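# Understanding the architecture of this molecule
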Amino acid sequence: MMPGRGAMPASCGRWRLNALRRAMRAAVLVGVVTFSSPLLADPPTDKGAYNLAPGDKITVTVFGQPELSGDLLVDGAGIIMLPFVGGLEIKGLTVLECQKLIHDRLADGILTQPSVSVRVSELRPLYILGDVRTPGTYAFRYSSTVKSAVAAAGGFGVAEPAQNAALSEFLLADERVRQLSVQKQALLVRSARLEAQRDGMKTFNPPPPSDLTEKNNMAELVAAEKETFDSQGAMLQTQLDLLRSQKPRIQNEIAAVNAQIAASTKQRELISAHSDEYSRMVKQGLGLSTVELQFKLSEMSQENELFRLTALVANLQIDAGEIDLKIDEAESSFRRQTMADLRDLQDRLRELDVTLPSAREIREARLEQAGGLGVVEAARSFSVTRTRNGEASAFEATEMTPLEPGDIVEVKKMPPRELLPRGAAASQGGSPANQLGAATQASPVAVAPP
């Protein structure tokens, strides 16, 4: 009897322990059946119950019915497809309301006493776009803010391949602007040189540079144009000196021929006098007719010489006149070439006045696309588009604005003041940093959805 009596307390203890375990399992089962388990039902930004919306993913568990259980996605119309039930519109319902709706539909002729549990397995994602490195769709996390969403998207700026491409495009655009700027500087210096040549000046004054870089480039351009100015002026002067040096020779020849004409004239007069005297002697019978004839021939020969010398003087005077014409032609040709070069240069300057501003605008756009390249700190603006009760509304936000599931965050980079057109920077209320600071320090009313 003693061993039997000792075993009875042990059996009673095991029975009580098993009964306690069965009671605990029943309590857990009742709790599961009675209450749903929406793990993510209450988002951090809303103290009320979470309302389901398109894009949410829920897990429906029907105890004892695996074919009716599973993960369901709320489609764009706010409907889920439940086996044997069909489409159920749950948009705008809380998790408990959704659970009750499924329970009622299953109890309506499908199951006798269905035990249903519904929980949110995945909230609507966040959509991040704009000035972030990897825009796209990201899972919602508790306490998500605009700043954390930007961090999830890789931070501010464009994606690395796009940034490299934008950097290459900026460098090409910047090189284009530099080439056009140097070309315009060269044309302006050349224009000053041509204008000085046109006006017959001995030197020319180049336009003053606007900055240090332009001053360094201008020095080389001025040196090259000065060398051209001096060499072309020296060539023209050499040509004119060569032509002018021929005039004294011709004038000396003219003087010598005039002296010969004077001597020949005296000689002709002397021969004519002797011829007349001998002709009187022949008439008196004191002379020979043959000698008289020789005197007449000598007189005619001397007259022919005078005619030849006079023609020679005329030819020499024509040569002197041609030299003057050649001098005028050389000066006129140089001036005409200078004027033609100046007109072509002015046409090219007018083209640059159209091309260079466009090239600068393209460079500024490429710089903005490249994220500023770290030259200046750009301010950014944030906007959030939120859908509630089927209506979407957008509002301005700051980096610390809390987010809700399904929010669309758009990050925009405001152009730096250095890149704004003239007059636009003045219209901005303060610097970009101040604007960003003012947006950050805005009141809660400013960041709340409208």
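Residues numbered from 1 in each chain as written. Predicted model: local features only at pLDDT ≥ 70, side-chain atom pairs only at ≥ 80, totals over all residues. Heavy atoms only, no water.

## Quick look at the overall build of the chain
A count of helical and extended segments in the chain gives nine helices and ten strands. The buried share of the chain, reckoned over its 450 residues, is 29%. Considering only intrachain contacts with a sequence separation of at least 6, the fraction spanning at least 24 residues in the chain is 64%. Counting every atom, the chain has about 27,600 Å² of accessible surface; 57% of that belongs to carbon and sulfur. (Helix = DSSP H or I, 4+ residues; strand = E, 2+ residues; numbered from the N terminus. Buried < 20%, exposed > 50% of the residue type's maximum accessible area, 1.4 Å probe, protein only. Contact = heavy atoms within 4.5 Å. Areas by Shrake-Rupley, 256 points an atom, 1.4 Å probe, with all protein chains shown as cover.)

## Digging into the sheet that holds strand β1 (residues 57-62)
Read across the open sheet, the three strands follow the order β2-β1-β5; overall the sheet is antiparallel. Looking at the sheet topology across the chains shown, the edges are occupied by β2 (70-73) and β5 (116-122). Between one strand axis and the next, the sheet turns through 30° on average, direction left out of account. The pairing of β1 with β5 spans six bridges and is classified as antiparallel. Across the sheet, the residue bridging to Thr61 is Ser117, located in β5. (Pairing = 2+ DSSP bridges. Axes fitted to C-alpha atoms, helices over the stretch in contact; angles between N-to-C directions.)

## Concerning the packing of aromatic side chains
Per the stated rule, a full pass over the model turns up two aromatic pairs. Pairing Phe156 with Phe382 gives two aromatic rings, centres 6.1 Å apart and planes at 40°, and the pair type is tilted. Of the two residues, Phe156 sits in the loop between α3 (146-152) and α4 (160-198) while Phe382 sits in strand β8 (residues 380-388), which places them 226 residues apart along the sequence. Considering the side-chain rings of Phe204 and Phe229, the 5.6 Å spacing of their centres and the 55° angle between planes classify their relative orientation as tilted. Linking Phe204 in the loop between α4 and α5 (212-283) with Phe229 in helix α5, this pair joins segments that are 25 residues apart in sequence. (Phe/Tyr/Trp six-rings, centres within 6.5 Å; stacked < 30°, edge-to-face > 60°.)

## Describing the pairing of β1
Relative to β2, β1 runs antiparallel, the two sharing four bridges. From the neighbouring strand, Lys57 faces β2, where its bridge partner is Leu73.

## Focus: helix α6 (residues 289-369)
Each α-helix turn comprises 3.6 residues. Residues three or four places apart therefore point the same way. For α6, which comprises 81 residues, the first-to-last C-alpha distance of 118 Å matches the rise-based estimate of 120 Å (1.5 Å per residue) to within 8%. Considering bend angle alone, the principal kink of α6 is centred on Leu352 and spans about 25°. (Expected span 1.5 Å × (residues − 1). Bend = angle between axes of the 7 residues up to and from the residue.)

## Some details on unusual backbone geometry
Its identity is not glycine, yet Phe84 carries a phi of approximately 65°, on the positive side. Its location among the elements puts Phe84 in the loop between β3 (79-82) and β4 (86-89). Of the residues examined, Phe84 reaches a relative accessible area of 65% and is grouped as exposed.

## Focus: the pattern of salt bridges
Scanning all chains against the criterion turns up 21 salt bridges. Salt bridges sharing common partners tie together Asp174, Arg178 and Arg363. (Salt bridge = Lys/Arg side-chain N within 4 Å of Asp/Glu carboxyl O.)

## Notes on the side chain of Glu299
In this fold, Glu299 is placed in helix α6. Comment: no salt bridge for buried Glu299; closest opposite-charge side chain is Lys296, at 4.7 Å. Each residue touching Glu299, except ones within four places of it in the same chain, is listed here: Arg268, Ile271, Ser272 and Ser275. (Lys, Arg positive; Asp, Glu negative; His and termini not counted.)

## With respect to the environment of Ala262
Mapped onto the elements, Ala262 comes out in helix α5. When its relative accessible area of 39% is taken as the criterion, Ala262 is described as partly exposed. Through-space distance from the C-alpha of Ala262 to that of Leu306 is 8.8 Å; in sequence the pair is 44 residues apart.

## Considerations on the pairing of strand β6 (residues 126-130)
Where β6 lies against strand β7 (residues 136-138), three bridges are found, and the strand directions are antiparallel. Its bridge partner being in β7, Tyr127 is matched across the sheet by Thr137. In the sheet, β6 pairs with strand β10 (residues 408-413) via four bridges, with the strands oriented parallel. By the bridge assignment, Ile128 is partnered in β10 with Val409.

## Considerations on the sheet that holds β6
In spatial order, the strands read β7-β6-β10-β8-β9; together these five strands make up an open sheet with mixed pairing. Two strands in the sheet have a free side with no partner beyond their single neighbour: β7 and β9 (391-397). The mean inter-strand angle of the sheet, taken between neighbouring strand axes irrespective of direction, is 25°. Direction of pairing for β8 relative to β9: antiparallel, over a ladder of seven bridges. Pairing of Arg386 across the sheet is with Ser393, part of β9.

## Focus on helix α2 (residues 95-107)
A rise of 1.5 Å per residue sets the reference length of α2, with its 13 residues, at 18 Å; its end C-alpha atoms lie 18 Å apart and thus fit the reference within 8%. Among the residues trailing α2, Gly109 stands out with phi positive, at a value near 90°.

## Some details on the nonpolar core
Ile58, Val60, Ile102 and Leu106 are the most contacted members of the largest nonpolar core, which has 37 residues in total. Per-element tally for this core: the top contributor is α2, with four residues. In contact with Ile102, not counting residues within four places along its chain, are Val60, Ile80, Leu82, Leu88, Val116 and Val118. If you look at the next biggest cluster of nonpolar residues, it comprises 15 residues, including Ile250, Val313, Ile323 and Ala330. (Core = buried A, V, L, I, M, F, W, Y, C linked by side-chain atoms within 4.5 Å.)

## Quick notes on the environment of Ser358
Of note, Ser358 is situated in helix α6. Of the residues examined, Ser358 reaches a relative accessible area of 35% and is grouped as partly exposed. Separated by 181 residues in the primary sequence, Ser358 and Val177 have C-alpha atoms spaced 9.2 Å apart.

## Side note on the confidence of the model for the chain
The predicted model of the chain averages 77 in pLDDT, with 77% of residues at 70 or higher. Across residues 1-17 the pLDDT falls below 50, and counting only partners more than four positions away or on other chains, this stretch makes one contact in the model. Taken together, the stretch residues 417-450 has pLDDT below 50 and engages in 33 contacts with residues farther than four places along the chain or on a different chain. (pLDDT = per-residue confidence, 0-100.)

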